[in-house]
Each structure stands twice: as structure tokens, then as C-alpha cells.
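# Structural characterization, general
Letter by letter, the chains look like this.
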Amino acid sequence: GAQYIGQYEDNLKNGEGVFYYPDGTKYEGQWVDDVRKGFGKYTYVNGDTFEGDWVDNLRHGSGTYTYSLTGAQYTGEWCNGLREGTGELIFQNYKYKGNFVNDQPQGAGKYTFDIGVQQLGDYILEKIPKPEGEDDEDDEEGSFNIVPRWRGGQVSTTST
């Protein structure tokens, strides 16, 4: 079951505390009136973690999401639970730094590879047909998905 260990005020979670959810997830951090608000770390069932700012139970502000399966990380800005603004995706042998809109990379950015090269470019939004059976009549885009596509420029060596 659920368990909370921490500070209370007026019978609500307020201040620092740890909440263990019935599904196995855990939040350690700041609470305001029973809501995750302020700095905290959330550990998901699959082992992924988010450590950063929270507002109204959503990732909002600065923070780092770590994918446990691959070790990849996103570090940057969040808005209403989505990656939004400047951010960096860090993988084992390379990283991408650029702008994110609605949880997707969009606009100018840069890939930097551990082998000493980089590529400047930009992500553009592209419509691609949805797979058979995925049509959603209520969807504004109809039978298309909107996906970011990297349009890379020349590859150059990174300055050391």
C-alpha cells in the first residue's frame, strides 16, 4: 500500500517527505498541500528517475530524467510535464543539445560525438502517414503523425 514518511501541516503533506506509491514508484522531496511542489526525485517502476523541479505534481522547471535501461539522460527545461526549452540529451557515445517544443526536439541544435566530431543542424517537423489501424477521427492531424526530422549540416571536428 501507500506510505508517507515526512512532514505534515493541517493533515496534509507539507515540507520534506517520502511517498511510496502502491505501484512501486517513490517520490522524495518537497510537498505543498499534498502536491509535489519544489525540488524532488521521482523513481518510476522501471527504474527511470526524474530529479528536479515540480509544480502541481508535474515536472516543471529544471531537471534531469535518466532512462535506466540505457543510461541516457535528458537535462534541461520542463513545462507541465514535457521537455520544453533548452535541453541536452546525453547518450553513451554522443549528445544532442538544442531546443525542445512539446517534448520533441525542434529548431537549431548540435550533435557532439565522443570521437571528436560535431554536426550542427536543425530539427524540422514532418508529417508521416500513421500505420494502418492508428487513424483517430478526433485527431487534428487526421491520418498523419508529426515527427521531428534531423536536417544536418557539415560534420566538423570539435575544438579542444
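For the structure, check the block above.
Presented here is an overview of the structure given in this document. All of these numbers come straight from a predicted model, not from anything done at the bench.

Along the protein chain, the regular secondary structure elements total zero helices and twelve strands. Ordered by position from N to C terminus, the α and β elements of the protein chain give β-β-β-β-β-β-β-β-β-β-β-β. Taken over the C-alpha trace, the protein chain has a radius of gyration of 19 Å; the compact-globule value for 160 residues is 15 Å, which it surpasses by more than 25%. With the principal axes as the frame, the protein chain shows a C-alpha extent of 60 × 50 × 25 Å. By the burial criterion, 29% of the 160 residues in the protein chain qualify as buried.

Strand order in the open sheet formed by twelve strands is 1-2-3-4-5-6-7-8-9-10-11-12, and the pairing between neighbours is antiparallel. Of all strands in the sheet, those bounded by a partner on one side alone are strand 1 (3-9) and strand 12 (144-157). Going from strand to strand, the sheet's axes swing by 10° on average, the running direction of each strand aside. As paired strands, strand 7 (residues 73-79) and strand 8 (residues 82-90) are joined by six bridges and run antiparallel to one another. In the sheet register, Gly76 faces strand 8, and the bridge partner there is Gly87.

Moving on to the pairing of strand 5 (residues 49-55). Across six bridges, strand 4 (residues 35-43) lies against strand 5 in antiparallel orientation. Pairing of Lys41 across the sheet is with Glu51, part of strand 5. The hairpin formed by strand 4 and strand 5 contains five residues between the paired strands, and Gly47 there has a positive phi angle of roughly 95°. Pairing of strand 5 with strand 6 (residues 58-66) involves six bridges; the strand directions are antiparallel. Bridge pairing links Gly52 to Gly63 in strand 6. Connecting the antiparallel pair strand 5 and strand 6 is a turn made up of two residues, with Asp56 showing a positive phi of about 50°.

Phi at Asp10 takes a positive value of approximately 55°, unusual for a residue other than glycine. Along the polypeptide, Asp10 turns up in the loop between strand 1 and strand 2 (12-20). The phi dihedral of Asn57 is positive, around 65°, even though this residue is not glycine. Mapped onto the elements of the fold, Asn57 is located in the loop between strand 5 and strand 6.

Let's shift gears to the nonpolar core. Soluble globular proteins: nonpolar side chains tend toward being buried together. Tyr21, Tyr27, Trp31 and Tyr96 are the most contacted members of the largest nonpolar core, which has 17 residues in total. At the level of secondary structure, the elements contributing two or more residues to this core comprise strand 3 (26-32), strand 5, strand 7 and strand 9 (94-101). Setting aside anything within four residues of it in sequence, one finds Tyr96 in contact with Gly87, Glu88, Leu89, Pro105, Gly107, Ala108, Gly109, Lys110, Tyr111, Tyr123 and Trp150.

Moving on: the pattern of salt bridges. Per the stated rule, a full pass over the model turns up six salt bridges. In this structure, Asp34 and Lys13 form a salt bridge, with 3.2 Å as the shortest nitrogen-oxygen distance. Residue Asp34 is found in the loop between strand 3 and strand 4, and its partner Lys13 is found in strand 2; the two are separated by 21 residues along the sequence. Judged by its relative accessible area of 31%, Asp34 is partly exposed. One salt bridge in this structure joins Arg151 and Asp122, with 2.9 Å as the shortest N-O distance.

The rules behind the values
- Starting from 1, residues in each chain are numbered consecutively following that chain's sequence as written.
- Given that this is a predicted model, residues contribute local features only at a pLDDT of at least 70 and side-chain atom pairs are listed and counted only at 80 or more, while totals for whole chains, interfaces and linings are drawn from all residues.
- Values reported for side chains reflect all heavy atoms of the structure, with hydrogen atoms and water molecules removed beforehand.
- Here a helix means four or more residues in a row that DSSP labels H or I, a strand means two or more in a row labelled E, and each is numbered from the N terminus.
- For this measure, only C-alpha atoms enter the radius of gyration; the expected value for a globule follows 2.2 Å times N^0.38, where N is the number of residues.
- Three exposure classes are used, based on accessible area relative to the maximum for each residue type with a 1.4 Å probe and protein chains only: buried under 20%, partly exposed in between, and exposed over 50%.
- Here the rule is simple: two strands pair whenever DSSP picks up at least two bridges between them.
- Between N-to-C directions, angles span 0 to 180 degrees; the directions come from axes that are lines fitted to C-alpha atoms, helices contributing only their stretch in contact.
- By convention a nonpolar core is built from buried Ala, Val, Leu, Ile, Met, Phe, Trp, Tyr and Cys residues, the set being connected through side-chain atoms within 4.5 Å.
- Two residues qualify as a contact provided that any one of their heavy atoms is within 4.5 Å of a heavy atom in the partner residue.
- Salt-bridge detection follows one rule: a side-chain nitrogen of Lys or Arg within 4 Å of a carboxyl oxygen of Asp or Glu.

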